[in-house]
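# Remarks on the overall topology
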Amino acid sequence: MASAAAGSSAAVPFWRAAGMTYITYSNICASLVRSCLKEPYKSEAASREKVHFAISKWADGKPEKPTVRSDSPEE
Amino acid sequence: MYRQASRLLIRALGGGRPVGRAFSTDAPAVPVEDSTFVEAWKKVAPNLEPPKTPLSFMKPRPPTPSSIPSKLTVNFVLPYQSEISNKEVDMIIVPATTGQMGVLPGHVATIAELKPGVLSVHDGNEVTKYFVSSGFAFIHANSITDVVAVEAVPVDHIDPSLVQKGLADFTQKLSSAATDLEKAEAQIGVDVHSALNAALSG
């Protein structure tokens, strides 16, 4: 879908032309909005930014040990 | 005992389902039972009742009324809560990428991608404004509108000093950005903060 932007006839938005997907764009917008909130709302919103997931890389058809990532907004 | 099991299970599932949300679905106008599935089931397990398929749980699409309804029904949802659910209002204005779009009852069915901006809900004399980070608005032919956004805040929850600071930061990042990706991120920052600024002053 994100092929060479110059070749397609559709007018792609600048973020897609730069290789970003809609979800990435939307999440960046949301976190920017959250960072501009007034105080009590900002700390409530901070809890929404946390992600927690486990990644397992696969090698030779077997999963390796999973790494658990818990990102908070400070990254 | 097992003969009744599937019927009991279905009753347990069906009873817990929330009822009464006028989310206009894309189900066909008449509830359909998947007849090929039912026949295949009967061949394999003639004594058990066939389980219901998701298609038969879905409420049929409400018919498009022949005359334009007087009020717009709005559903505004965020990933973590439902801001407005089934509210009947006169008009909403959504910040579509093509500009501020006003939606009145009887609006043509539309899917609009939203840009960061202000969503205002007009009901009689009262106007409620939310700043929406991005999302989509689905306007259905029967004047039900679903707006989905990742983040939406009432405009008075926004801190003007943080907005100004963010705008200055990102404008500076935009001029010093090197790769395409950095430029895109800085541009997004500038867009969002300008929209926040406009929301605060408008």
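Residues numbered from 1 in each chain as written. Chains lettered and ligands numbered in written order. Predicted model: local features only at pLDDT ≥ 70, side-chain atom pairs only at ≥ 80, totals over all residues. Heavy atoms only, no water.

Per an unreviewed UniProt entry, chain B goes by the name ATP synthase subunit delta', mitochondrial and belongs to Phoenix dactylifera. Under the UniProt heading Sequence similarities (unreviewed entry), the note attached to chain B is "Belongs to the ATPase epsilon chain family." Per UniProt, the comment on chain B under Subcellular location (unreviewed entry) is "Mitochondrion inner membrane". (UniProt positions renumbered as here; feature names shortened; annotations may be inferred.)

In the nomenclature of an unreviewed UniProt entry, chain A is known as ATP synthase subunit epsilon, mitochondrial of Phoenix dactylifera. Under the heading Subcellular location (unreviewed entry), UniProt records this for chain A: "Mitochondrion inner membrane". Per UniProt, chain A carries the Subunit (unreviewed entry) text "F-type ATPases have 2 components, CF(1) - the catalytic core - and CF(0) - the membrane proton channel. CF(1) has five subunits: alpha(3), beta(3), gamma(1), delta(1), epsilon(1). CF(0) has three main subunits: a, b and c."

## Looking at unusual backbone geometry
Backbone geometry at D60 of chain A places phi at a positive 55 degrees, although glycine is not the residue there. Along the chain, D60 of chain A falls in the loop between β2 (58-59) and β3 (62-63). D60 of chain A gets classed as exposed once you look at its relative accessible area, which sits at 81%. Residues other than glycine seldom take positive phi values, yet S143 of chain B does so here, at roughly 65 degrees. Note on placement: S143 of chain B falls in the loop between β8 (135-139) and β9 (144-149). Classification of S143 of chain B by relative accessible area gives buried; the value is 1%. (Helix = DSSP H or I, 4+ residues; strand = E, 2+ residues; numbered from the N terminus. Buried < 20%, exposed > 50% of the residue type's maximum accessible area, 1.4 Å probe, protein only.)

## Focus on the pairing of strand β1 (residues 72-77) of chain B
Residue and element names in this part refer to chain B. Burial runs high along β1: 6 of the 6 residues are buried. Side chains L72, V74 and F76 project from β1 onto one buried face, and the interleaved T73, N75 and V77 project onto a second face that is buried too. Examined bridge by bridge, β1 and strand β2 (residues 82-89) share 5 bridges and lie antiparallel to one another. Its bridge partner lying in β2, F76 is registered against I84. Between β1 and β2, which pair antiparallel one after the other, the connecting turn spans 4 residues. Strand direction decides the pairing type here: β1 and β9, joined by 5 bridges, are parallel. Following the sheet pairing, F76 is matched in β9 by V147. (Pairing = 2+ DSSP bridges.)

## Looking at the nonpolar core
Within soluble globular proteins, side chains that are nonpolar generally end up buried alongside one another. Judged by nonpolar contacts, the single largest core of 26 residues is most densely connected at Y25 of chain A together with F131, I158, I188, V192 and L196 of chain B. Those elements that provide at least two residues to this core are α2 (22-35) of chain A together with α4 (160-176) and α5 (180-201) of chain B. For this core, the element with the most residues is α5 of chain B, which contributes 7 residues. Every residue in contact with V192 of chain B, bar those within four places of it in the chain, is listed here: C29, L32 and V33 of chain A together with P116 and F131 of chain B. (Core = buried A, V, L, I, M, F, W, Y, C linked by side-chain atoms within 4.5 Å. Contact = heavy atoms within 4.5 Å.)

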